[in-house]
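Spelled out, the chains give:
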Amino acid sequence: MEDGEQGEGEGEGEWASKAWAHLSSVRSLSPLIQCITNFVSMDLTANTLLSAGASPAMLHSSTESPDFTPQVHALYINVGTLSDAWLPAMIAAAELATKFNKPWILDPVAAAASRFRLKACLDLISLKPSVIRGNASEIIALADASFGSSTKGVDSSHDSTDAVEAAKSLASSSGAVVAVSGAVDFITDGNRVLGARNGVPMMQKITATGCAVTALIAAFVAIDPSHALEATASALAVFGVAGEIGMEMARGPASLRMHLIDSLHGLDQTAVISRVKISAL
Ligand SMILES: Nc1ncnc2c1ncn2[C@@H]1O[C@H](COP(=O)(O)OP(=O)(O)O)[C@@H](O)[C@H]1O
Ligand SMILES: Cc1ncsc1CCOP(=O)(O)O
Ligand SMILES: [Mg+2]
């Protein structure tokens, strides 16, 4: 995307057009996304990327990353089912991504659940991800570098509004764009803060929707790496719109999961432009 397309003071209409441009680019360029993600999320994450037009590859061996990571358009690392064996592979892939100038995106699932996990996330953040997307409790834990306080495993015990200052602080200290998901998704580079108000509460009742939207962020950043803030907001809003349309057909979490994927695949310009709700705060 050209620099001239990104301006200050955009209204919701401009943000919606930008989100459509990002989705259209993902569909036409079909970026290859290496995903080192948890066992729970692999299926939903791969299907989310495919529905959006991207190309997922769940390759996590540190033996093959030296061959594969240089070929990808972005790398996605998610610590959801972290183990002693997987952490070195994550670190090696993140180092390769940085070496070959590929954006890489971190999902710090349950960052405060254990000292091992918190340290792993902080070590990964020192390897300069382009974007960190977590729920409010995860972002607060990382900003404070604190283990165990008011955490509930992979789910958030805070509202996203509680984590805006933590997100700004983490963005400033890490150099990453930081996104906090929730009823409102907040996206910040430490200076600017965007709010994306799409989605439905039922999305929290499907495991791995957070993981899946972080992978979608990786695909959007892959096609617009120099505008990670805008690409991240677009991905969160587009995923939320797919959830809203999916909810019109769903009867509960299981059918929402199916309809969300169908809706993401079928999103057209009219739906994106009329529904995306992104604004600068
Ligand atoms: N109350 C809500 N209203 C609308 N969308 C929501 C709500 N809660 C979560 N979402 C959406 O669900 C997805 C997963 O977010 P979240 O549940 O916060 O992540 P995680 O699974 O990492 O805890 C995101 O796309 C987010 O925007
Ligand atoms: C339940 C669970 N346990 C370890 S990873 C995982 C999936 C979490 O996914 P999300 O954070 O997207 O809800
Ligand atoms: Mg969740």
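(A) Quick look at the environment of glycine 246. You can see glycine 246 is positioned in helix α9 (residues 228-247). A relative accessible area of 0% means that glycine 246 is categorised as buried. Here the alpha-carbon distance between glycine 246 and arginine 257, two residues eleven residues apart in the chain, equals 8.0 Å. Glycine 246 has contacts with Leu256, His259, Leu260 and Ser263, leaving out every residue within four places of it along the chain.

(B) Seen up close, the confidence of the model for the chain. With 96% of its residues at a pLDDT of 70 or more, the chain has an overall mean of 95. Scored below 50 in pLDDT, residues 2-8 shows eleven contacts in the model against residues more than four places distant or in partner chains. Overall fold confidence for the complex sits at a pTM of 0.96, while the interface term, ipTM, reaches 0.99.

(C) Summary view of helix α10 (residues 253-266). Its 14 residues give α10 an end-to-end C-alpha distance of 20 Å, which sits within 8% of 20 Å, the value for a rise of 1.5 Å per residue. By the burial criterion, the buried members of α10 are Ser255, Leu256, His259, Leu260, Ile261, Ser263 and Leu264.

(D) Looking closely at the site of ligand 1. The environment of ligand 1 is formed by 16 residues, the closest being Arg133, Asn135, Ser181, Asp185 and Gln204. Between ligand 1 and the protein, one listed contact pairs an oxygen atom with a side-chain N or O atom of arginine 133 at 3.0 Å. Here ligand 1, which alone exposes 550 Å², has 89% of that area covered by the protein. Those elements that place two or more of their residues in the shell around ligand 1 are β5 (131-135) and α8 (209-223).

What counts, and at which threshold
Residues numbered from 1 in each chain as written. Chains lettered and ligands numbered in written order. Predicted model: local features only at pLDDT ≥ 70, side-chain atom pairs only at ≥ 80, totals over all residues. Heavy atoms only, no water. Helix = DSSP H or I, 4+ residues; strand = E, 2+ residues; numbered from the N terminus. Buried < 20%, exposed > 50% of the residue type's maximum accessible area, 1.4 Å probe, protein only. Contact = heavy atoms within 4.5 Å. pLDDT = per-residue confidence, 0-100. Expected span 1.5 Å × (residues − 1). Near = heavy atom within 4 Å. Polar contact = N/O pair within 3.5 Å; in protein donor to acceptor, adjacent residues only side chain to side chain. Areas by Shrake-Rupley, 256 points an atom, 1.4 Å probe, with all protein chains shown as cover.

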